Amino acid sequence: MDLGKKKSVVCIYVYPWDGEKEIPSHELLRRAVGRYLGREIRDCTVCRKEEHDKPYIEELLDVHFSISHSGGYWACAVCDAEVGLDLQEVRTAREEKVARRFFHPAEIAWLEEHGFDEFSRLWAYKESYVKYTGAGLRDGLDYFSVVDGDLEVCQQEIPFREGFYMVVTTEKRVTVSLSDNNEKAP
């Protein structure tokens, strides 16, 4: 069944990844989009209108994607509408200091109440949102909050592996299909 042809389905493809050493990211993107469309993709030119704009595929303007990599994994969400994805390995390193410097005051208060060990979870929600909007990290992360319910998007936490958070952001709630490739990509 080709889930990629159904509306309101986000397909997430995950591969083990060691950076650009074995398989370049653009090659994995080509494979993920091909799986989504149910056909081989030969040309997959990634473009941006401006230097910091959200990337798109020149040959497939109706296909939207978001890429993330963390902790030895590469992930790509593909959909027929705007999408943001973040995969975040849980790490411990000055969470409180980083949160106080870069997060919205409401998120700092939330972390003070729930514990700074939730930092990686909030980071995944925030980065998924800025990938969805196309803003990236250039405008910072303190101008919006993912904990107060004011964002006019749907964010879904996707179960992945112990020690990781995966969050997808879309305009409205969607079905998510996760394809986790445990072996090296062919």
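Scroll up a little and you will see the structure.
Residues numbered from 1 in each chain as written. Predicted model: local features only at pLDDT ≥ 70, side-chain atom pairs only at ≥ 80, totals over all residues. Heavy atoms only, no water.

## Concerning the packing of aromatic side chains
Consideration 1: This structure, assessed with the given rule, holds nine aromatic pairs.
Consideration 2: With a centroid separation of 5.6 Å and 85 degrees between ring planes, the pair formed by Phe160 and Phe164 is classed as edge-to-face.
Consideration 3: Of the residues examined, Phe160 reaches a relative accessible area of 17% and is grouped as buried.
Consideration 4: According to the relative accessible area criterion, Phe164 is buried, its value standing at 13%.
Consideration 5: In this arrangement the basic side chain of Lys126 is found over the ring face of Phe103, its NZ or CZ atom lying 5.4 Å from the centre.
Consideration 6: A cation sits over an aromatic face here: Lys126 above Phe144, 3.9 Å from the ring centre. (Phe/Tyr/Trp six-rings, centres within 6.5 Å; stacked < 30°, edge-to-face > 60°. Buried < 20%, exposed > 50% of the residue type's maximum accessible area, 1.4 Å probe, protein only. Lys NZ or Arg CZ within 6 Å of the ring centre and 35° of its normal.)

## Looking at the pairing of strand 8 (residues 164–170)
In the case of a regular strand, side chains alternate between the two sheet surfaces.
Consideration 1: Strand 8 sits mainly inside the fold: seven of its seven residues count as buried.
Consideration 2: Alternating positions in strand 8 separate into two faces, Phe164, Met166, Val168 and Thr170 on one and Tyr165, Val167 and Thr169 on the other, with burial throughout.
Consideration 3: Strand direction decides the pairing type here: strand 6 (residues 84–89) and strand 8, joined by six bridges, are antiparallel. Note that in strand 8 the partner of Asp86 across the bridge is Val167. (Helix = DSSP H or I, 4+ residues; strand = E, 2+ residues; numbered from the N terminus. Pairing = 2+ DSSP bridges.)

## Here we look at helix 4 (residues 119–133)
The periodicity of an α-helix, 3.6 residues per turn, causes residues three or four places apart in sequence to face the same way.
Consideration 1: Helix length check: helix 4 (15 residues) gives 21 Å between terminal C-alpha atoms against 21 Å at 1.5 Å per residue, within 8%.
Consideration 2: Of all 15 residues in helix 4, 13 are buried, a share of seventy percent or more.
Consideration 3: The first or second residue beyond helix 4 is Gly134, which carries a positive phi of 90 degrees. (Expected span 1.5 Å × (residues − 1).)

## Things to note about the sheet that holds strand 7 (residues 154–157)
Consideration 1: Ordered in space as 6-8-7, the three strands form an open sheet in which the pairing is antiparallel. Two strands bound the open sheet, and with one partner strand each, they are strand 6 and strand 7. Strand after strand, the sheet turns through a mean of 15 degrees between neighbouring axes, direction not considered.
Consideration 2: The sheet contacts of helix 4 involve strand 6, strand 7 and strand 8, and relative to strand 6 the element is tilted by about 155 degrees. (Axes fitted to C-alpha atoms, helices over the stretch in contact; angles between N-to-C directions. Contact = heavy atoms within 4.5 Å.)

## Structural notes on helix 3 (residues 105–114)
Consideration 1: Among the residues of helix 3, Glu107, Ile108 and Leu111 are the ones counted as buried. All buried residues of helix 3 project into a common sector of 105 degrees when viewed along the axis, lining one side. In this structure, helix 3 carries Pro105 and Glu113 as exposed residues pointing more than 90 degrees from its buried face.
Consideration 2: Close packing links the buried residues of helix 3 with helix 2 (95–102) and helix 4. (Arc of directions from axis to C-beta.)

## Some remarks on the environment of Ile23
Consideration 1: Relative to the elements of secondary structure, Ile23 occurs in the loop between strand 1 (9–16) and helix 1 (25–37).
Consideration 2: Between the C-alpha atoms of Ile23 and Thr133, which are 110 residues apart in sequence, the distance is 28 Å.

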